[in-house]
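# Geometric and topological summary
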Amino acid sequence: MIKKAVIPAAGFGTRMLPATKSQPKEMLPVVDTPVIEYVVEEAVASGITDILMIIGKGKRAIEEHFDRNWELEQQLAEQGKEKLLKRIRRISNLADIHFVWQKELNGLGDAIRYARYHVGNEAFAVLLGDSIVESDSTPVTAQLMKVFDRYQDPVIALEEVPMEMVSRYGILKGKEISENLWLAEDWVEKPSQEVAPSRLAIAGRYIFTAEIFDYLDQTQPGLHQEIQLADAMRAMLRDRAMYGLRFEGRRHDVGNTLDFIKANVHFGLKKEGTGPALREWLRSLDLE
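Residues numbered from 1 in each chain as written. Predicted model: local features only at pLDDT ≥ 70, side-chain atom pairs only at ≥ 80, totals over all residues. Heavy atoms only, no water.

### Let's talk about the overall build of the protein
Selection criterion: Runs of E in the DSSP output that reach at least two residues are strands. Runs of H or I that reach at least four are helices, and both are numbered from the N terminus. Throughout, the radius of gyration refers to the C-alpha atoms, and the reference size of a globule is 2.2 Å times the residue count to the power 0.38. Residue burial is assigned from relative accessible area. The probe radius is 1.4 Å, only protein chains are included, and a residue is buried under 20% of its type maximum, exposed over 50%, and partly exposed in between. We call two residues contacting when some pair of their heavy atoms lies within 4.5 Å. For the purpose of counting charges, residues Lys and Arg are taken to be positive, whereas Asp and Glu are taken to be negative. His and the chain ends are not included. By convention, the charge on Lys lies at NZ, on Arg at CZ, on Asp at CG and on Glu at CD.
Helix and strand counts for the protein stand at eleven helices and 13 strands. A compact globule built from 288 residues should have a C-alpha radius of gyration of about 19 Å, and the protein, at 20 Å, falls within 12% of that. Expressed along its principal axes, the backbone C-alpha trace of the protein runs to roughly 60 × 50 × 35 Å. The buried share among the 288 residues of the protein stands at 49%. The long-range fraction of contacts in the protein, counting pairs at least 24 apart against all pairs at least 6 apart in sequence, stands at 76%. Averaged over its 37 positive side-chain charges, the protein has a centre that lies 1 Å from the centre of its 44 negative ones.

Written out as structure tokens, the structure is:
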């Protein structure tokens, strides 16, 4: 069983400036819950018990969110707000959560390298901290784990995107071997529509074996002089099989303004306390 997860959360969040100038993008609220908490909830629901977060400058609020706040808890207890108190206490008990600082922002691949000694020789999950992925049944990370249990090789979450959006993502080239499961042949980083091998995009969830660290060590800086995870994945693919799973669920990329707004509306409509009133307000809007 995979019990460890790595959540890279060190980036500046430039697509969300100026909101992220003084607070982490991962702490931006979707309704009343920070983005990063949704990510941790997914990991925990998948059976993860040990989480390492890779953070950087200005990310102290993430640490504080998952730590206990005794003064706040005491105040809530004194005010008789038991339901809210239970909710707050649960945050610090979701999993064993550890933090390590990425000294320089040298890319996603470099961030994951910081997990080498925490992970050891175990297979582990990677969940990007600025994407919420929801599912009606099995959490997406758990869906990947099921494939890994069968093949014991790395598994990457995929979503099908419109052709006009393939240039924003890493795209799979591969062969479908069963329903929604592909054997990877290559990973093509941000291809043009003319050369894109598919519309299946990497969706911010991964299962890796510990060998990925060796490939990351050998990867030379690429775009923006950063260590690109996709480059290490391509090198790893030459030596062992990798799989891509088109997961059941929906991904919300809350690292850009429009999708952040959409996510708030989506989850606001689903939430019992806000759904009915929000739906009524949306219907009242004159959108002509």
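More follows now that the structure is in view.
### Some thoughts on the environment of Gln218
Examined against the element boundaries, Gln218 turns out to sit in helix α8 (residues 212–218). Along the primary structure Gln218 and Val6 are separated by 212 residues, whereas in three dimensions their C-alpha atoms are 20 Å apart.

### Topic: the packing of aromatic side chains
Using the following cut-off: Two rings from Phe, Tyr or Trp (for Trp, the six-membered ring) form a pair when their centres are within 6.5 Å of each other. A pair whose planes differ by under 30 degrees is stacked, one over 60 is edge-to-face, and the rest are tilted. We call a charge positioned above a ring when the Lys NZ or Arg CZ atom is no farther than 6 Å from the ring centre and deviates by at most 35 degrees from the ring normal.
Counted according to the given criterion, the structure contains five aromatic pairs. Between the aromatic rings of Tyr206 and Phe208, the centroid separation amounts to 5.4 Å while the plane-to-plane angle is 20°, which identifies the pairing as stacked. The class of Tyr206 is buried, set by a relative accessible area of 6%. Site record: aromatic cluster; members linked through ring pairs are Phe124, Tyr206, Phe208 and Phe213. When the ring centre of Trp70 is taken as origin, the NZ or CZ atom of Arg68, which lies over that ring, is 3.8 Å away.

### Structural notes on the packing of helix α10 (residues 257–270) against helix α11 (residues 275–284)
Helices that pack against each other are described as a pair by the angle of their axes relative to one another and the distance between those axes. Quick reminder of the rule: Here an axis means a line fitted to C-alpha atoms, over the contact stretch when the element is a helix, while the angle between two N-to-C directions is reported on a 0 to 180 degree scale. For classification purposes, an angle smaller than 35 degrees is called roughly parallel, one larger than 145 roughly antiparallel, one from 65 to 115 roughly perpendicular, and anything else oblique.
Across the interface, α10 lies against α11 with an axial gap of 6 Å and an inter-helix angle of 125°. In this view, α10 runs oblique relative to α11, as classed from their interaxial angle. Packed against α10, whose contacting residues are Val265, Gly268 and Leu269, the element α11 presents Gly275, Leu278, Arg279 and Leu282 at the interface.

Such coordinate-based values are descriptive only and should not be taken to indicate function.
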